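Letter by letter, the chains look like this.
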Amino acid sequence: MTVHCKDLQRFLDGQMQAREQARFRQHLGGCGACEARFRESMQLELLAQLAMAPEVSSPAPVPSAPEARRARRTWLGGLRGLDVLVAGVAVWMLLPFSTPGSGDEGAWLAAEGPRVLEGRVTYRAVDAHHRPYVPDRGEDAAPPAVPSLPLQDLWRMEARGDLHGVATAYLLHGAPRQAQAFLKRMPASADRDCDLALLALEQARQEGSLDARPARLEQALELLDGVLREWPRHPQALWNRALVLNDLGLLLQAADAFGEVARLGEPGWSEEAAHRERVLRESTSTRARAWKDAYAAMQELVSDSSAPLPLAEAREHPGIVRLGFYDAVRAAPSREEVLRLEPLARVLDERYGGSVLRTWLVRVAARDFTHRGPLSRLYGRLVLDSLAPVGEVLETLRRSGEEDLYLGALVLADSSRQPGDSQAVIRLARASDDPWMRVLADQEEARLAQLDGQWWKAEQRLLEALDTCQKQGLVYRCLGLQRRLADLYLAQHRPAEAFQHAWKGWARALEAREWRFEQQFLQELADVARYQHAFSTARAYLEESLSRMPEDCAQRTHVHRNLALLEWQRFRPEAARAALERAMACERPLGLTGAWVLSEMARSVPGPHDGSLLRRALADLRRGPVSPGLEALLLVIEGQFLLEQPGTSGRELVHRGLEMADLEPDSVDARKARAFGYSALLSEAGRAGAWEEALALMGHELRVEPVAPSCLLAVSVQHERTLVLVRGPLGELKGTYSTGRQVPLRDEATGLVPAELVKELSGCEHVDVLTRPPVHGLAGLLPDSLAWSYRVGRGARGAPARTGPSMHLVVTEVASPPSLRLPRLAPLKPPRVPDPWRVELRGAEATPTRVLSEMAQASEVELHTHGLFSASQSDASMVVLAPEADGGYVLTADKVRQARLSHAPLVLLATCGAARTAPFPHESFSLPMAFIEAGASAVLAASVEIPDSAGAFFERVRERIRAGERPSVALRDLRASWVLERPDDARWLSRVLLFE
């Protein structure tokens, strides 16, 4: 069932079932036309009610919807336009307003019966007394009664400043955007943030796309964690946090939060919380126990020939049982013991379709067991970990001719990080008639391509294998492929794509009750969230992972070393040190994450044994094949650590790492080594006051050489360290260096440059700004009174020659997908002067493929369309265009990067948030940067939402640039005059940035 604008009246009249209401609320949140009609209808109904009331000081009962409509038509029948406004104002002036604290504020919101929302609002009149929650059971279920909004009371509440009550009313009555508007008008407080989090939770539950839900849930979790840091026993925040965690699937974390509510002792609430805690723990432990029992049963089949066949477990957990079935058959030392497994093969074949396992079983049973029997016993010892799959053992199985045993041993060797024979795995798996086995060949081919630095080949191999696997219904194998894909994308620092597979894998693992994969995808999702700086969510995933396997030492090491990195990134060095100490308790190598944290903490919270711990971690990381990019990164990590030790060769190691990184520029590890190495060297130069050396380093890193001899700003931020350099009009170089930063940089850099250095630039006509992540692309670095731009180096690619105007491409009035429910943008006005080069792409023609094709030959590009940011789809902002035949409609930074803009165009991105930069520590990744890399000479974009009128602003800037003004000067001067005429536009105008 779908909903449309024509359904608004049915929604207002209460004629929809509960689920249809929820769908229409979602539609209302994204439809500007419906929202305007909704507001108008509510205002008119209020006027009608007031007209019917004999005494406004004693509110009459709220009329039914049909009565209200009839009264509205009767009373307003003769009123038009200004008359309605005058009548409304007159009635409003006659309303008797009660004063705050009169005792009955919002009492009408606390209706009898079940509560409307599962979550808890902080408005006292509603939350003071516990009422049970009855969930919606389906289309035909009767939802809890939601009384009509008594608009007279609502009006009084707003008039006396009770914004909290009005917001609560809207929230309870399914008008999220109105609720949010009133909440944001309230002063900042714990209660306000708690209600905003509840609003985000409700919006997440109404999202049509499952992929879109996590962003809302992350927003809610971040808000609630902020409340609980200040007020650890805030009851509504604890309750709502439990609901958010439950919706993320983190049931043990949710149980913990409900447990904290239960201990608060609130009548009714504590009893419900205790019940919910118990249910969550029991359901999780039951699922875990069932999976572990199935796994143990398969292990027992290997060790005990008389063990019962786990037929029921095969029906409930076919994935892990089938995996163990292969080992049980291989380890069976006689024909009789092989054939004893036939009923299990039959159950599994029924579950997956076909007769693959029974056919293989018969073939194995026909082998010569005088030869195979001892080898099968040897294989059983490998499965039970009493023998390692290395050296002579592998060689014995290789020479045996029992190819299924050798293949199984090679798989065991890989899982225990022992060297194996990749080509043998591929050959033997490809030769199998079993599609389950052929997945092994796909995975191994992908692994070899990735080791060879050809990650794109690995990606293609895995995607093709996943498509085949899904068609064959091999859920367990598909989960393994999705995990490999998530790992591949994380290795390439592409968290949005990693999220797609980690989130879908997590959901499928839950559905399939594959406990081990659930655990693995939790850790994948934690890495994705950390890459995207969603720290609260990352911590929740990690802690859920630990709660599920607290006894596993390797698991504790993994979780705590990642928590150490999270705490360091959140500027909590002591907490980072404590987490790292817990990670080291198991005496396992700390991995790349732990090594990096040790290297960083050497500056502020060093430990006496950190040197030996770091050497051990690096030695473990160097086991097996190490790419030049990874070796460069390891050298930089070690060198940065040694820079804090007097008399060591830290600088030499960092320089060696940088030299090696330059040999492999396309490697993500090499790019990280380059960024982190230059960070360390720049901070060292700043600490020594060596301004000239620091500026030379930055110019070399950014490939901007020579740097401007005057009117220059350069900024480097390395965690707590900040280096700022300026050259004024006369070219004198000045700088500051500080180590006092205590919070991460967010979306703005206001105040980062000291006022005395800003003053040095006051006489400059234009300022070149050189910055590195995380500063590059942030708004507010310099005041609007200066003409400045982010200066971007071209690197080895070289800049295309800028020619005269060849084509002025304008993309406007785009036919965006109806499913997005985006409001229609106001059409652009025709150009004020004739423009012979102007070419417009409109409506359904403006697809990503067509826009990219036309841009290739344009010298000026304007995109007037919607912009979106979704961490689940792209790591930077996206441009919404018309859908292709395959449904794709977004222009992403990755697609732009691959283009070739042959006429060095000026690009104007008149879309919301187009300048938003991904929070990557090693590179500046955004739409403007992608356009520069593709060949653009200059890009203008805003880092925030912009109004429809922004299109005219961008066009005026382009006209000035075409007339010969420098882009930064055109932007500065037009912005100044525009703000004088439209002071309300000042905020978004100050966040329009220029990249050159």
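Scroll up to find the structure.
All figures in this text were calculated on a predicted structure; none of them were measured in a lab. (Residues numbered from 1 in each chain as written. Predicted model: local features only at pLDDT ≥ 70, side-chain atom pairs only at ≥ 80, totals over all residues. Heavy atoms only, no water.)

Here we look at the overall build of the protein
(1) Moving on: Assigned secondary structure in the protein consists of 44 helices and 14 strands.
(2) Moving on: When each of the 996 residues of the protein is scored for burial, the buried share is 55%.
(3) Moving on: For the protein, the proportion of contacts with a sequence separation of at least 24, taken over those separated by at least 6, is 67%.
(4) Moving on: For the protein, the exposed area adds up to about 42,700 Å²; of that, 53% sits on carbon and sulfur atoms. (Helix = DSSP H or I, 4+ residues; strand = E, 2+ residues; numbered from the N terminus. Buried < 20%, exposed > 50% of the residue type's maximum accessible area, 1.4 Å probe, protein only. Contact = heavy atoms within 4.5 Å. Areas by Shrake-Rupley, 256 points an atom, 1.4 Å probe, with all protein chains shown as cover.)

Section: the side chain of S926
(1) Moving on: Following the sequence through the fold, S926 ends up in the loop between β12 (906-910) and α41 (927-934).
(2) Moving on: Of the residues examined, S926 reaches a relative accessible area of 1% and is grouped as buried.
(3) Moving on: A polar contact is formed between the side chain of S926 and the backbone nitrogen of M929, at a distance of 3.3 Å.
(4) Moving on: Among residues more than four places away in sequence, those in contact with S926 are A876, A893, A915, R916 and T917. (Polar contact = N/O pair within 3.5 Å; in protein donor to acceptor, adjacent residues only side chain to side chain.)

A word on the environment of L397
(1) Moving on: Counting through the fold element by element, L397 comes out in helix α21 (residues 391-399).
(2) Moving on: According to the relative accessible area criterion, L397 is buried, its value standing at 1%.
(3) Moving on: It is 9.8 Å that separates the C-alpha atoms of L397 and G408, two residues lying eleven residues apart in sequence.
(4) Moving on: Other than its neighbours up to four places away in sequence, L397 contacts L375, L378, L382, E402, L405, Y406 and A409.

Quick notes on the state of the cysteines
As used in these notes, a disulfide is a covalent bond between sulfur atoms, one from each of two cysteines.
(1) Moving on: Counting across every chain of the model gives three disulfides.
(2) Moving on: Listing the disulfide partners of the protein by sequence rank of the bonded cysteines yields 1-2, 3-4, 5-6. (Disulfide = S-S within 2.5 Å.)

Remarks on the pairing of strand β1 (residues 712-718)
(1) Moving on: With seven of seven residues buried, β1 lies mostly within the body of the structure.
(2) Moving on: Taking every second residue as pointing to the same face, both faces of β1 are buried, with L712, A714, S716 and Q718 on one and L713, V715 and V717 on the other.
(3) Moving on: For β1 and strand β2 (residues 721-727), the ladder comprises seven bridges, and the chain directions are antiparallel. From the neighbouring strand, V717 faces β2, where its bridge partner is T722.
(4) Moving on: In this structure, the hairpin formed by β1 and β2 is closed by a connection of two residues, where H719 is found at a positive phi of approximately 55°.
(5) Moving on: Relative to strand β4 (residues 767-771), β1 is paired through four bridges, and the arrangement is parallel. Residue L712 lies in a different strand from β4, and its bridge partner there is D768. (Pairing = 2+ DSSP bridges.)

Here's the deal with the sheet that holds strand β10 (residues 878-880)
As a general point, the strands of a sheet are linked pairwise by backbone hydrogen bonds and lie either parallel or antiparallel.
(1) Moving on: The strand order β9-β10-β11 describes an open sheet built from three strands, whose pairing is antiparallel. Sheet topology places β9 (867-868) and β11 (890-891) at the edges, where each strand pairs with a single neighbour.
(2) Moving on: With two bridges connecting them, β10 and β11 associate as antiparallel partners. Opposite V880, over in β11, you have V890 as the bridge partner.

Some words on helix α42 (residues 950-962)
(1) Moving on: Helix length check: α42, at 13 residues, gives a terminal C-alpha distance of 19 Å against a target of 18 Å (1.5 Å per residue), a fit within 8%.
(2) Moving on: Of the residues one or two after α42, G964 is the one with positive phi, at around 115°. (Expected span 1.5 Å × (residues − 1).)

Some remarks on helix α8 (residues 163-172)
What sets the pattern is the α-helix's 3.6 residues per turn: residues three or four places apart point alike.
(1) Moving on: Counting buried positions over the ten residues of α8 gives ten, a clear majority of the element.
(2) Moving on: Among the residues of α8, those classed as buried are L163, H164, G165, V166, A167, T168, A169, Y170, L171 and L172.
(3) Moving on: Where α8 ends, the next residue or the one after it, G174, has phi of about 75°, a positive value.

Things to note about unusual backbone geometry
(1) Moving on: The peptide bond linking E705 to P706 adopts the cis configuration, its omega dihedral lying at 0°.
(2) Moving on: Note that P706 resides in the loop between α37 (691-702) and β1.
(3) Moving on: Between P773 and P774 the backbone carries a cis peptide bond, its omega angle lying at 5°.
(4) Moving on: Tracing the backbone shows P774 in the loop between β4 and β5 (788-790).

Thoughts on the side chain of E923
(1) Moving on: Along the chain, the position of E923 falls in the loop between β12 and α41.
(2) Moving on: For E923, a relative accessible area of 13% gives the class buried.
(3) Moving on: There is a polar contact of 3.3 Å between the side chain of E923 and the side chain of R897.
(4) Moving on: Engagement of the side chain of E923 in a polar contact is seen with the side chain of H922, the distance being 3.4 Å.
(5) Moving on: The residues contacting E923, other than those within four sequence positions of it, are R671, P773 and R897.

With respect to the pattern of salt bridges
(1) Moving on: The tally for this structure, following the rule as stated, stands at 74 salt bridges.
(2) Moving on: With its nearest N and O atoms 2.6 Å apart, the salt bridge here joins E860 to R962. On the criterion of sequence distance, the pair formed by E860 in strand β8 (residues 860-864) and R962 in helix α42 is long-range, its members being 102 residues apart.
(3) Moving on: Judged by its relative accessible area of 5%, E860 is buried. (Salt bridge = Lys/Arg side-chain N within 4 Å of Asp/Glu carboxyl O.)

Points about the packing of helix α28 (residues 515-531) against helix α30 (residues 553-569)
Axis angle and axis distance: for two packed helices, these are the angle between their axes and the distance between the axes, and together they describe the pair.
(1) Moving on: Closest axis-to-axis distance for the α28/α30 pair is 11 Å, and the angle between their directions is 15°. One element, α28, and the other, α30, form an angle in the roughly parallel class. For the pair α28 and α30, the sense of crossing is left-handed. Here Q519, Q523, D527 and R530 of α28 come into contact with α30, specifically with Q555, H558, N562, L565, L566 and Q569.
(2) Moving on: Along the lines of polarity and charge, the residues of the contact of α28 with α30 split into two nonpolar, six polar and two charged. (Axes fitted to C-alpha atoms, helices over the stretch in contact; angles between N-to-C directions. Parallel < 35°, antiparallel > 145°, perpendicular 65-115°, else oblique. Left-handed = near helix turned anticlockwise from the far one by under 90°. Nonpolar A, V, L, I, M, F, W, Y, C, P; charged D, E, K, R; others polar.)

Quick look at the pairing of β12
(1) Moving on: Across the five residues of β12, five count as buried, placing the element largely inside the fold.
(2) Moving on: Side chains of β12 alternate between two faces, with L906, L908 and A910 and V907 and L909 buried alike.
(3) Moving on: Note: β8 against β12, five bridges, orientation parallel. Residue pairing for β12: L863 is matched across the bridge by L909.
(4) Moving on: Of the pairings in the sheet, the one linking β12 to strand β13 (residues 938-942) comprises four bridges and is parallel in character. Pairing of L909 across the sheet is with A941, part of β13.

Considerations on the packing of aromatic side chains
Both the distance between ring centres and the angle between the ring planes are used here to describe each pair of aromatic rings.
(1) Moving on: If you walk through the whole model with that rule in mind, you get 21 aromatic pairs.
(2) Moving on: Centroid distance Y790 to F995: 5.4 Å. Interplanar angle 20°. Geometry classified as stacked. With Y790 in strand β5 and F995 in strand β14 (residues 992-995), this pair connects stretches of sequence that are 205 residues apart.
(3) Moving on: Judged by relative accessible area, Y790 falls into the buried class, the value being 0%.
(4) Moving on: Taken together, a centroid distance of 5.8 Å and an interplanar angle of 85° make the contact between F953 and W988 edge-to-face. Taken together, the residues span a long stretch of sequence, with F953 in helix α42 and W988 in helix α44 (residues 986-989) at a distance of 35 residues. (Phe/Tyr/Trp six-rings, centres within 6.5 Å; stacked < 30°, edge-to-face > 60°.)

Looking at the packing of helix α9 (residues 176-185) against helix α10 (residues 190-206)
(1) Moving on: Running from N to C, α9 and α10 point in directions that differ by 160°, and their axes come no closer than 10 Å. The orientation of α9 relative to α10 falls into the category roughly antiparallel. The handedness of the crossing between α9 and α10 comes out as left-handed. Of α10, the residues touching α9 (which contributes P176, A179, Q180, L183 and K184) are R192, D195, L196, L199 and Q203.

Describing the environment of C469
(1) Moving on: As for its position among the elements, C469 is in helix α25 (residues 455-472).
(2) Moving on: Sequence separation of C469 and L481 is twelve residues, and the distance between their C-alpha atoms is 8.7 Å.
(3) Moving on: Excluding residues within four positions of it along the chain, C469 makes contact with L474, R477, C478 and L481.

Digging into the environment of G268
(1) Moving on: One can find G268 in the loop between α13 (251-262) and α14 (269-303).
(2) Moving on: Since its relative accessible area comes to 21%, G268 is described here as partly exposed.

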